[in-house]
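# Secondary and tertiary structure notes
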Amino acid sequence: MIAHGHSLLRIDVDSILPRRRRMRIVSARAILLLMGVGPGFAILPGEEVKWSGSPDPNVRFTRADTFFVPFSLVWTGFAVLWTLTAARSPAAPPLIWLIGVAFVAAGVYAVVGRFYVKAHVKRRTRYYLTNWRAIIVTDQREDALDVDRKAPPTTTLHRSHLDVVFGNRSGPLSRLPGYSMLRIYANTGMDFFARVGPGLPFAFYDVPDVEGLQAALHELRTERDQAGV
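Described in the following lines is the structure provided in the data block. All of these numbers come straight from a predicted model, not from anything done at the bench. (Residues numbered from 1 in each chain as written. Predicted model: local features only at pLDDT ≥ 70, side-chain atom pairs only at ≥ 80, totals over all residues. Heavy atoms only, no water.)

All right, on to the pairing of strand 8 (residues 142–146) then. Bridge analysis of strand 7 (residues 133–137) against strand 8 gives five bridges, and the strand direction is antiparallel. Residue pairing in the sheet places Ala134 in a bridge with Leu145 of strand 8. Counting the residues between successive antiparallel strands, the hairpin from strand 7 to strand 8 contains four residues. (Pairing = 2+ DSSP bridges. Helix = DSSP H or I, 4+ residues; strand = E, 2+ residues; numbered from the N terminus.)

Set out below in structure tokens:
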């Protein structure tokens, strides 16, 4: 079953594919594209999509921006001042001002650029919640995480949007002490700091369909309670 917006579309794969071509894991991508549902992803036998939606690209700020915004403004201002001073100083080593330019570029990205990157990625992202997995699909890739049957996901309601964290991915530096703090960069447009550090949380961010997603999460919990898992 595929949820698209507030409507449900049931796809009976067994009736679409010839019996001799059925596989243990059936790719529904082509079927979904033909039916205009969306990008599609690999659906496991017996798996049903309970909810689908997209992040709101108009939500730009997170709680972490109460620190990042003033810090990036101070960083950029200092970088500009240092670069101008180095460029005008006859005692400065040749081309030392290029280092300042790199710091200025980083500051401009932190002040302005990251918000455009964040919105661009959001417009090309779609979330799916099935009875087994949470799935994130973008233009470049699709990623899935089994929903922990014993530990429910963490939900955070901010204004009229919902964040749901299902778990954490491990990054290259995840075992080094103190690097877990870098997860503060998640969903800020500077996610690469968390990706190369402790790893990014596997999460649905800035979902405007709060009621739909909450209802799907509640349905999953109810089904698991009834199944005794």
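Each strand in a sheet pairs with its neighbour through backbone hydrogen bonds, running either in the same direction (parallel) or in the opposite one (antiparallel). Pairing in this open sheet of three strands is antiparallel, and the strands run 9-10-11 from one edge to the other. A single partner strand is all that each edge strand has here, and the edge strands are strand 9 (154–158) and strand 11 (201–207). Taken over all neighbouring pairs, the strand axes of this sheet differ in orientation by 15 degrees on average, direction set aside. The pairing of strand 9 with strand 10 (residues 161–168) spans five bridges and is antiparallel. Its bridge partner being in strand 10, Leu157 is matched across the sheet by Leu162. (Axes fitted to C-alpha atoms, helices over the stretch in contact; angles between N-to-C directions.)

The residue Arg133 is located in strand 7 in this model. A relative accessible area of 12% means that Arg133 is categorised as buried. Reaching out from Arg133, the side chain makes a polar contact with the side chain of Glu47 at a distance of 2.9 Å. (Buried < 20%, exposed > 50% of the residue type's maximum accessible area, 1.4 Å probe, protein only. Polar contact = N/O pair within 3.5 Å; in protein donor to acceptor, adjacent residues only side chain to side chain.)

Here we come to the sheet that holds strand 8. Pairing within the open sheet is antiparallel, and its four strands lie in the order 5-6-7-8. Of all the strands in the sheet, just strand 5 (49–53) and strand 8 have a single pairing partner and so form its edges. Averaged over all pairs of adjacent strands, the angle between strand axes in this sheet comes to 15 degrees, irrespective of strand direction. Both strand 6 (residues 126–130) and strand 7 contribute to a ladder of four bridges, which runs antiparallel. For Leu129, the partnering residue across the bridge sits in strand 7 and is Ala134.

Let us look at a nonpolar patch on the surface. A cluster of nonpolar side chains, contributed by Phe67, Phe71, Trp75, Phe78, Trp82, Ile99 and Phe103, occupies part of the molecular surface with about 730 Å² of accessible area. The element best represented in the nonpolar patch is helix 3 (residues 65–88), accounting for five residues. For Phe67, the position within the fold is in helix 3. With a relative accessible area of 47%, Phe67 lands in the partly exposed category. (Patch = residues over 30% accessible without salt bridge, like charges linked within 9 Å, V, L, I, M, F, W, Y side chains within 5 Å. Areas by Shrake-Rupley, 256 points an atom, 1.4 Å probe, with all protein chains shown as cover. Salt bridge = Lys/Arg side-chain N within 4 Å of Asp/Glu carboxyl O.)

This part covers the nonpolar core. Ranked by size, the top nonpolar core spans 28 residues in total, and within it Trp51, Leu129, Phe166, Phe204 and Leu213 carry the most contacts. Listing elements by their share of this core, those giving two or more residues are strand 6, strand 7, strand 10, strand 11 and helix 6 (210–227). Setting aside chain neighbours within four positions, we find Phe166 in contact with Leu129, Ala134, Leu145, Val147, Pro153, Phe202, Ala203, Phe204 and Leu217. (Core = buried A, V, L, I, M, F, W, Y, C linked by side-chain atoms within 4.5 Å. Contact = heavy atoms within 4.5 Å.)

The next subject is unusual backbone geometry. You will see that Arg159, though not glycine, has its phi angle at about 55 degrees, which is positive. The residue Arg159 is located in the loop between strand 9 and strand 10 in this model. On the basis of relative accessibility, which here comes to 85%, the residue Arg159 falls in the exposed class. Residue Asp206 is not a glycine yet carries a positive backbone phi of 55 degrees. Residue placement: Asp206 occurs in strand 11.

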